[in-house]
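Report on the structure
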Amino acid sequence: MAPEVDPDHVLMIEDNFADTMLIDPKRDRFPCCIVWSPLPVLSWFIPFIGHIGICREDGIILDFAGPNFVSVDNFTFGAPTRYFQVSREQCCCISPYSAEHTSEYVQNDDESASHVDTWDAALRKSIQEFQHLSYSIFTCNCHSFVANGLNRLGFQAGGWNVVNLAIFIFLKGRWVNKTSIVKTYLPPLVVLGLGLIFGGGTFLAYLVIFMFVLIGWFLLGTYCFKMLIHV
């Protein structure tokens, strides 16, 4: 039986948790956030495709950066340009309080049956899984890793995959600052302009074909051949 919780103690925990959720872009600290940055070359042609990571409660970024490797506190393609901070109330698989405090007043008599995952514990499970997976931009990539973490957290009841995650961060992601907007959209505009100047309609036609092929691959791999793309 769990001990009674002092309301003042709970209030103090909630206040402390609010302080730890502050975002600090200068230090690349984005607590409980999904973060995104453009990819070299690929994002110059398709600006809504980029590299994505997920952050621990202390704001440190985790991203699937290569075969059997999850990078910690070293976002692979530079500082994030967009982010979305996840509300803990939207995650059905974790405690409403941070991991360092839950043990003070939650007692699990049967850990296998009644254990409530914390945010960081869920991400650790994703790290353990992806440290044993090969990296492929087409079948098992950074989006797969983040989608896996969000499903473990139960964010918005789960069901995340590489497609709806990419759409979500593109539509819902907030810009870190004005420089991030320039960093994301200036290279595509330059490439598009040069392409139209030197290639005209041919360049535009090939660009559209490339976009349809790439997007079609992920749509088919996610919704038609569900074992093809790892989540």
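Residues numbered from 1 in each chain as written. Predicted model: local features only at pLDDT ≥ 70, side-chain atom pairs only at ≥ 80, totals over all residues. Heavy atoms only, no water.

Turning to the overall build of the chain, a few remarks are in order. Assigned secondary structure in the chain consists of nine helices and six strands. Relative to its full complement of 231 residues, the chain shows a buried share of 42%. The long-range fraction of contacts in the chain, counting pairs at least 24 apart against all pairs at least 6 apart in sequence, stands at 65%. As displayed, the chain has an accessible area near 12600 Å², and 64% of this comes from carbon and sulfur atoms. (Helix = DSSP H or I, 4+ residues; strand = E, 2+ residues; numbered from the N terminus. Buried < 20%, exposed > 50% of the residue type's maximum accessible area, 1.4 Å probe, protein only. Contact = heavy atoms within 4.5 Å. Areas by Shrake-Rupley, 256 points an atom, 1.4 Å probe, with all protein chains shown as cover.)

Moving on: the UniProt feature "transmembrane region" (unreviewed entry) in the chain. The sites that UniProt annotates as "transmembrane region" (unreviewed entry) are residues 153-171 and 191-220. Secondary structure content for residues 153-171 is 58% helix and 0% strand, and the end C-alpha separation is 21 Å. Helix and strand shares over residues 191-220 are 97% and 0% respectively, and the end C-alpha atoms of the span are 28 Å apart. (UniProt positions renumbered as here; feature names shortened; annotations may be inferred.)

Moving on to the environment of R82. Among the structural elements, R82 can be located in strand 5 (residues 82-85). When the C-alpha atoms of R82 and W175 are compared, they prove to be 4.5 Å apart, with 93 residues separating the residues in sequence. Residues in contact with R82, not counting those within four places in the same chain, are I34, V35, W36, I169, F170, G173, R174, W175, V176 and Y185. Within the local environment of R82, its side chain forms a polar contact with the backbone oxygen of G173, the two atoms lying 3.0 Å apart. (Polar contact = N/O pair within 3.5 Å; in protein donor to acceptor, adjacent residues only side chain to side chain.)

Nonpolar side chains collect at one region of the surface, where I137, F138, W217, L220, F225 and L228 lie side by side and expose about 550 Å² of accessible area between them. Within the secondary structure, L228 sits in the segment after helix 9 (200-224). Accessibility expressed as a relative area gives 35% for L228, which makes it partly exposed. (Patch = residues over 30% accessible without salt bridge, like charges linked within 9 Å, V, L, I, M, F, W, Y side chains within 5 Å. Salt bridge = Lys/Arg side-chain N within 4 Å of Asp/Glu carboxyl O.)

Now for the packing of helix 8 (residues 178-198) against helix 9. The geometry of helix 8 relative to helix 9 is characterised by a closest axis approach of 5 Å and an angle of 130 degrees between their N-to-C directions. As summarised for this structure, helix 8 and helix 9 are arranged oblique, according to the angle between their axes. For the pair helix 8 and helix 9, contact is made by V191, L192, G195, L196 and F198 and by G200, F203, L204 and L207, respectively. Of the residues that constitute the contact of helix 8 with helix 9, the class distribution is seven nonpolar, two polar and no charged. (Axes fitted to C-alpha atoms, helices over the stretch in contact; angles between N-to-C directions. Parallel < 35°, antiparallel > 145°, perpendicular 65-115°, else oblique. Nonpolar A, V, L, I, M, F, W, Y, C, P; charged D, E, K, R; others polar.)

All right, on to unusual backbone geometry then. Non-glycine residue C32 carries a positive phi angle of around 55 degrees. Mapping C32 onto the fold places it in the loop between helix 1 (7-20) and strand 1 (33-38). A positive phi angle, close to 70 degrees, is found at V41, a residue other than glycine. Considering the arrangement of structural elements, one finds V41 in the loop between strand 1 and helix 2 (42-45).

Topologically, S71 is positioned in strand 4 (residues 69-72). Of the residues examined, S71 reaches a relative accessible area of 3% and is grouped as buried. There is a polar contact of 2.9 Å between the side chain of S71 and the backbone oxygen of N74. Sequence-distant contacts of S71, defined by excluding residues within four places in its chain, comprise I61, L62, D63, A65 and T76.

So, about helix 5 (residues 119-130). The terminal C-alpha atoms of helix 5 lie 17 Å apart, and with twelve residues this matches the ideal 16 Å at 1.5 Å per residue to within 8%. Of the residues making up helix 5, those classed as buried are W119, D120, A121, A122, L123, S126, I127 and F130. The inward-facing, buried residues of helix 5 abut strand 1, strand 2 (50-55), strand 3 (61-66), strand 4 and helix 6 (142-153). (Expected span 1.5 Å × (residues − 1).)

Looking now at the pairing of strand 1. Each regular strand carries side chains that alternate between the two faces of the sheet. The buried fraction of strand 1 amounts to six of the six residues, a majority that puts the element mostly inside the structure. Residues C33, V35 and S37 of strand 1 are buried on one face, and the alternating residues I34, W36 and P38, pointing to the opposite face, are buried as well. Two strands pair when backbone bridges link them, and strand 1 and strand 2 are joined in this way by five bridges, in the antiparallel orientation. Bridging from a neighbouring strand, P38 pairs with G50 of strand 2. (Pairing = 2+ DSSP bridges.)

To continue, consider the sheet that holds strand 2. Reading across the sheet, the six strands line up as 4-3-2-1-5-6 and stay open at both edges, with antiparallel pairing between neighbours. Each of the sheet's edge strands pairs with one partner strand only, and the pair in question is strand 4 and strand 6 (174-175). Where helix 5 meets the sheet, it contacts strand 1, strand 2, strand 3 and strand 4, and its direction lies at approximately 130 degrees from that of strand 2.

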